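Descriptive analysis of the structure
Take a look at the letters that make up each chain.
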Amino acid sequence: ITLDFLEQNGILDNSFVIVTSDHGELFERGEFGHGYRLLFDPVIHIPLLISAPGQRQRRDVYSTTSNTDFLSTVLNLAGKPYDPTDGQLLPGFGGTEDSQRSIYSMIIKNNAATAPFNIGTVSLTKGEYKLIHYFGYTKYSNKFEMYSLTNDPEEKNDLYPAHLPEAQRMKEE
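Structure report, in brief.

Take the overall build of the protein next. Within the protein, the secondary structure is distributed over four helices and six strands. When its helices and strands are written in sequence order, the protein yields α-β-α-β-α-β-β-β-β-α. If one aligns the C-alpha atoms of the protein with their principal axes, the spans along those axes are about 55 × 35 × 30 Å. When each of the 173 residues of the protein is scored for burial, the buried share is 32%. In the protein, of all internal contacts separated by at least 6 residues, the share reaching a separation of at least 24 is 44%. Total accessible area on the protein is roughly 11,300 Å²; 53% of this is exposed by carbon and sulfur atoms.

Okay, here's the thing in structure tokens:
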């Protein structure tokens, strides 16, 4: 079924169309496929397109959100209860933009489903900064990196430990 078919048959007048992905792609830094441990923005930025019933105009949202917000938003749109601790409503669908919101991302592989995580990569993005923590890897055990997404959007200038006070606040969070 195509979008043209949905529109011609009036289905878009009472349906949401949602297109998204589970992760972005990183076609640089020698990493390809799903085996990487990196959490640079090309990996954690995912597409999300939502067309509301009868929507005729495009609205772009540039606020930082999390894919955990998706389920809460869909449940809310369907008139079902949702737990706001599981995710916030997306801007434009009942939520508000928050440029200082903390966004967590992680790659946790090769861990037993019933045991604590002992190898992985986690990141915290808050405002201008992103802190990345690698743990359990042979070469990168307990390694941190920090980037200014405003001044270094390609994340090539590691600021850790030069920005140690900010990094320490983010580590504590």
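In terms of residue burial, strand S4 (residues 120-126) counts as a mostly covered element, since five of its seven residues are buried. In this sheet, S4 lies alongside strand S3 (residues 102-107) in antiparallel orientation, the contact comprising six bridges. For Ile107, the partnering residue across the bridge sits in S4 and is Thr121. Pairing geometry for S4 and strand S5 (residues 129-135), over seven bridges, is antiparallel. Paired with Lys126 across the bridge in S5 is Tyr129. Between the end of S4 and the start of S5, which pair antiparallel, lie two residues, with Gly127 showing a positive phi angle near 60°.

The topology assignment puts Ser102 in strand S3. Polar side-chain contacts of Ser102 include one of 3.5 Å to the side chain of Lys126. Side-chain polar atoms of Ser102 contact the side chain of Glu173, separated by 2.2 Å. Excluding anything up to four places from it in sequence, Ser102 contacts Leu124, Thr125, Lys126 and Glu173.

Read from one edge to the other, the open sheet built from four strands follows the order S3-S4-S5-S6, with strand pairing classed as antiparallel. Edge positions in the sheet fall to S3 and strand S6 (143-148), since each has one partner strand and no second. The sheet shows a mean angle of 15° between the axes of neighbouring strands, direction not considered. Across six bridges, S5 lies against S6 in antiparallel orientation. Within S6, the residue paired with His133 across the bridge is Phe144. Together, S4, S5 and S6 form the strand contacts of helix H4 (residues 164-172), whose direction differs from that of S5 by roughly 65°.

Looking now at the packing of aromatic side chains. The tally for this structure, following the rule as stated, stands at three aromatic pairs. Look at Phe144 and Tyr160: their rings are 5.5 Å apart centre to centre, the planes differ by 25°, and that puts the pair in the stacked class. Here the residue Phe144 occupies a position in strand S6, and Tyr160 occupies one in the loop between S6 and H4, the gap between them amounting to 16 residues. By relative accessible area, which is 14% here, Phe144 ends up buried. Positioned above the aromatic ring of Phe144, the side-chain terminus of Lys171 is 4.3 Å from the ring centre.

We now examine empty space enclosed by the protein. Think of a ball as big as a water molecule: rolled over the atoms, this probe shows where empty space is left. For the structure on display, the rule yields one cavity of 30 Å³ or more. For the lining of the largest cavity, a count of residues per class yields three nonpolar, five polar and three charged.

Right, let's get into the pattern of salt bridges. Applying the stated criterion to the full structure yields nine salt bridges. Between Lys130 and Glu155 there is a salt bridge whose closest N-O contact spans 2.7 Å. Placement of Lys130 in strand S5 and of Glu155 in the loop between S6 and H4 is noted, with a sequence separation of 25 residues between them. For the pair Lys130 and Glu155, a shared accessibility class is recorded, and that class is buried. The partner of Glu166 in a salt bridge is Arg169, with the nearest N and O atoms 2.6 Å apart. Of this pair, Glu166 and Arg169 are both found in helix H4, three residues apart, which corresponds to roughly one turn of the helix.

Scoring rules and cut-offs
- Residues numbered from 1 in each chain as written.
- Predicted model: local features only at pLDDT ≥ 70, side-chain atom pairs only at ≥ 80, totals over all residues.
- Heavy atoms only, no water.
- Helix = DSSP H or I, 4+ residues; strand = E, 2+ residues; numbered from the N terminus.
- Buried < 20%, exposed > 50% of the residue type's maximum accessible area, 1.4 Å probe, protein only.
- Contact = heavy atoms within 4.5 Å.
- Areas by Shrake-Rupley, 256 points an atom, 1.4 Å probe, with all protein chains shown as cover.
- Pairing = 2+ DSSP bridges.
- Polar contact = N/O pair within 3.5 Å; in protein donor to acceptor, adjacent residues only side chain to side chain.
- Axes fitted to C-alpha atoms, helices over the stretch in contact; angles between N-to-C directions.
- Phe/Tyr/Trp six-rings, centres within 6.5 Å; stacked < 30°, edge-to-face > 60°.
- Lys NZ or Arg CZ within 6 Å of the ring centre and 35° of its normal.
- 1 Å grid on protein atoms, 1.4 Å probe; cavity = no way out; pocket = protein on both sides within 12 Å on 5 of 7 lines; lining within 4 Å.
- Points joined across faces, edges and corners; volume = space filled by probe spheres on them.
- Nonpolar A, V, L, I, M, F, W, Y, C, P; charged D, E, K, R; others polar.
- Salt bridge = Lys/Arg side-chain N within 4 Å of Asp/Glu carboxyl O.

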